[in-house]
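In case you want the letters, here they are:
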Amino acid sequence: PTGAAIVLLLGGGHFAGGVYSACGSLLAHKSVHRYTTRKKQGGSQTSSEKARNASSAGASLRRYGAAMLRSDVLTILAQWEAYFSA
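Residues numbered from 1 in each chain as written. Predicted model: local features only at pLDDT ≥ 70, side-chain atom pairs only at ≥ 80, totals over all residues. Heavy atoms only, no water.

Participant: Would you explain a nonpolar patch on the surface in this entry?
Facilitator: A cluster of nonpolar side chains, namely V7, L9, Y20 and L26, defines an oily patch on the protein surface of about 350 Å² accessible area. The residue L26 is located in strand β3 (residues 26-33) in this model. (Patch = residues over 30% accessible without salt bridge, like charges linked within 9 Å, V, L, I, M, F, W, Y side chains within 5 Å. Areas by Shrake-Rupley, 256 points an atom, 1.4 Å probe, with all protein chains shown as cover. Salt bridge = Lys/Arg side-chain N within 4 Å of Asp/Glu carboxyl O. Helix = DSSP H or I, 4+ residues; strand = E, 2+ residues; numbered from the N terminus.)

Participant: How should the nonpolar core be read in this particular structure?
Facilitator: Note on soluble globular proteins: their nonpolar side chains tend to be buried together. Core analysis: the biggest nonpolar cluster contains 8 residues, these being F15, V19, A28, V32, L69, V73, I76 and W80. Of all the elements in the fold, those that place two or more residues in this core are β2 (14-20), β3 and α2 (57-79). Broken down by element, the residue count for this core peaks at 3 residues, all from α2. (Core = buried A, V, L, I, M, F, W, Y, C linked by side-chain atoms within 4.5 Å. Buried < 20%, exposed > 50% of the residue type's maximum accessible area, 1.4 Å probe, protein only.)

Participant: Could you clarify how one ought to interpret the environment of Y20 in this entry?
Facilitator: If you trace the backbone, Y20 turns up in strand β2. Classification of Y20 by relative accessible area gives partly exposed; the value is 34%. In this view, Y20 contacts A4, A5, V7, S25, L26 and L27; residues no more than four positions away in its chain are not counted. (Contact = heavy atoms within 4.5 Å.)

Here's what the structure looks like:
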């Protein structure tokens with residue numbers, strides 16, 4: 001193999017990603033956590049809003065966390081764009 005391997009994991013308000021060279025050395029890595037799920041409830045705020053309209057303060061924080069997580073992931077992927085085109 002001549003290219004880089006890119007590993008991306010996303011779920012439950014967590015994102016982890018790494019870029020590895022062909023020989024297996026780590027080139028770049030990043031992990032991010034945002035508050036997007038209720039403790040021990042499972043599922044994201046956006047999925048529970050499809051079932052009912054949540055308007056509590058906690059729901060607002062989880063919506064904000066989900067938006068920030070999306071923004072963070074897109075920023076990281078933009079920074080790693082050179083690895084994707086290699």
